[in-house]
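Fold and contact review
Each chain, written out:
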Amino acid sequence: LEDLQDAFDFCYKVHYQPGEDRSRDPEYARQLQALQAKLQNLDQQRRVRWGWAGLGRGHGCSSPPAQTHVCPQEVLAQMQQLLGRSETLRELLQQELGDWQERQQRSCLGAPANTNLRPLETWFTDLGQGLFQLRQLLRALSDLRQKVTYERDPLAAETPLLEQRLQEQLTYLLKSAFVVEQQPSTPNPFKRPLVLRTGSKFSARARLLVRLHDRNHRMEATIHIDRSGPPRAPARPRGFRKFNILTSSSKTLLAGDSPQEGLICDFQYLTLKEQKESRAGKGSKGAGEVGVGLGAVGTPAGLGPCSDHSATSLQSPLVVTEELHLITFTLAYAYCGLELELKTSTLPFVIISNNNQFSSAWASILWFNMLSSDPKASRTPEPCAQQFFSAPPPAPWPRLAEVLSWQFESVAERGLSRDHLLMLAEKLFGKA
């Protein structure tokens, strides 16, 4: 087809002269007829799908069938079908990814869960490869259309719509494939994740599940803490502390020594320092600070913060152990001419300044993740999740009992029995 287009383009430039009146020139008329015939042949090649020569003559035919020819219009129709299938597959992958995020969230609370990303990475990469191959084929068809086009050209009518649909699928796939593999945590194995201390080192790691990259192009990843949300996003509570990341906040995405290791941006030995500014209520401790952990005693139907704590609003500053912070990873992705900015955020975490705040901070982490069953909602970079303790919801006892059992299982390798949980319930609520 490309050869036919080149031949037509050459004849068109050589023989067709629209600015001159050569209607009485028989040679020019013959050249125009030949040019029109070439265009009709080209249009036929773009539209008609030839079958196998001799196909259907029966099994006793002596001559082999001729080679088939699939026209660009048939290719476009097949691409429509493939994009429909890829959308279905992408929805399935999104469900699997959501299940993995829920398992990761539970594992941060001590629950036994498989958080291996290798299967998801394989599936995302395979789908990404297929979409990029379709993109290359579509670009080849677009090049043909740009070289030669005419009225009622099938490529001109269908190619732009397919390009837009494919671009949307690739963008959605890549943005969802950028995930936080390791939540912020300190090197101390006895410390819980998602509770950080100023001046102490911690690490966090993100991974791109689509394992496709251009080794000649360096992809830079950056991290930011508590990045501002959209203009209409809810404001953070008054007196919300601000922090700086002291160590390097940018890193080149590493491909590992082998393709099987994946594309990761591993930030280690990070340190946080609070920005010095006036903050009313900073360091205030007491019933409010431990309200989630100890003062959240209610009726057997549910546990919730004490009445004074539930009245907290944006006008009242949160205690330090109930401030939820977020780290956002930003990756400048580029592959095969496609450039995107990918973002992903950690689960909300608490920043403390001394060890005696750890228990209250961990209680806040438990309470938030226990009642935030939607991983996407808890990983949003907007300050919505950070307002959780402005009006914290109560927790039903069965949910809290399950989380308490996870705490024991993560340390003692066995959870709480029914008798243990019944004893705790009686101490909280009294005997029924």
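Residues take numbers from 1 onward in each chain, read along the sequence in its written order. Side-chain atom pairs in this predicted model are given and counted only at pLDDT of 80 or more, local residue features only at pLDDT of at least 70, and totals for whole chains, interfaces and linings cover all residues. As a convention, hydrogens and water are excluded, and side-chain values are obtained from all of the structure's heavy atoms.

1. A short note on the overall build of the protein chain
For the protein chain, the count of helices and strands is ten helices and eleven strands. Here the contacts in the protein chain between residues at least 6 apart in sequence split such that 76% fall between residues at least 24 apart. Carbon and sulfur atoms make up 51% of the accessible area of the protein chain, which amounts to about 23,200 Å² in all. Comment: elements are numbered from the N terminus, with helices defined as DSSP H or I runs of at least four residues and strands as E runs of at least two. Contacts: residue pairs with any heavy atoms within 4.5 Å of one another. Each accessible area value is a Shrake-Rupley result obtained with a 1.4 Å probe; residue values ignore everything except the protein chains displayed when judging cover.

2. Quick look at the sheet that holds strand β7 (residues 263-270)
Strands were regarded as paired on the criterion that DSSP finds at least two bridges between them. The three strands lie next to each other as β1-β3-β7, forming an open sheet whose pairing is antiparallel. Either end of the sheet is taken by a strand with one partner, and the two such strands are β1 (178-185) and β7. Looking at each pair of strands side by side, their axes are set apart by 10° on average, direction ignored. With six bridges joining them, strand β3 (residues 202-208) and β7 adopt antiparallel strand pairing. By the bridge assignment, A204 is partnered in β7 with F267. All axes are obtained by fitting lines to C-alpha atoms, using only the stretch in contact for helices, and the reported angles, taken between N-to-C directions, cover 0 to 180 degrees.

3. Description of the side chain of Q104
Within the secondary structure layout, Q104 lies in helix α3 (residues 72-108). Taking relative accessible area as the criterion, Q104 reaches 4% and is therefore assigned buried. Polar contacts, as used here, are pairs of N or O atoms within 3.5 Å; protein pairs need one atom able to donate a hydrogen and one able to accept it. Residues neighboring in sequence count only if both atoms are side-chain atoms. One polar contact links Q104 to Q183, side chain to side chain, over a distance of 3.1 Å. Buried, partly exposed and exposed residues are distinguished by accessible area as a fraction of the type maximum, computed with a 1.4 Å probe on protein chains only: under 20%, between the cut-offs, and over 50%, respectively.

4. Remarks on helix α10 (residues 418-429)
Within an α-helix, residues lying three or four positions from one another point in the same direction, as the helix has 3.6 residues per turn. With twelve residues, α10 should cover 16 Å at 1.5 Å per step; its first-to-last C-alpha distance of 16 Å lies within 8% of that length. After α10 finishes, the residue G430 shows a positive phi value of roughly 85°. Take the number of residues in a helix, subtract one, and multiply by 1.5 Å to get its expected span.

5. Concerning the environment of S410
Relative to the elements of secondary structure, S410 occurs in helix α9 (residues 397-412). Judged by relative accessible area, S410 falls into the partly exposed class, the value being 35%. Put simply, S410 and L109 are 301 residues apart on the chain and 8.5 Å apart in space, counted from C-alpha to C-alpha. Residues within four places of S410 in sequence aside, it is in contact with G110 and R192. One polar contact links the side chain of S410 to the main-chain carbonyl oxygen of Q407, over a distance of 2.8 Å.

6. Looking at the pattern of salt bridges
Any Lys or Arg side-chain nitrogen found within 4 Å of a carboxyl oxygen on Asp or Glu counts as a salt bridge. Under the counting rule described, the total for this entry stands at ten salt bridges. For R207, the salt bridge goes to E121, with nearest N and O atoms at 3.1 Å. On the criterion of sequence distance, the pair formed by R207 in strand β3 and E121 in helix α4 (residues 118-147) is long-range, its members being 86 residues apart. Of the two residues examined, R207 and E121, each falls in the buried class. A salt bridge links R211 to E121, with the shortest nitrogen-to-oxygen separation between them at 3.2 Å. Here R211 is found in the loop between β3 and β4 (220-225), whereas its partner E121 is found in helix α4, with 90 residues between them in sequence. Through salt bridges that share partners, R118, E121, E181, R205, R207, R211 and D266 make up one connected network.

7. Regarding the pairing of β1
Taken across its eight residues, β1 has seven buried, putting it largely inside the fold. Sheet topology note: the β1/β3 ladder contains five bridges and is antiparallel. Looking at β3, one finds that F178 is bridged to L208.

8. Let's talk about the packing of aromatic side chains
Whether two aromatic rings pair depends on their centres lying within 6.5 Å, for rings of Phe, Tyr and Trp, where Trp uses its six-membered ring; planes under 30 degrees apart make the pair stacked, over 60 edge-to-face, and the rest tilted. For the structure shown, the criterion picks out five aromatic pairs. The rings of F368, F388 and F389 are connected pair by pair, giving a single aromatic cluster. Above the face of the F267 ring, K251 is positioned so that its terminal group lies 5.7 Å from the ring centre. Two limits define a charge over a ring: the Lys NZ or Arg CZ must be within 6 Å of the ring centre, and within 35 degrees of the ring normal.

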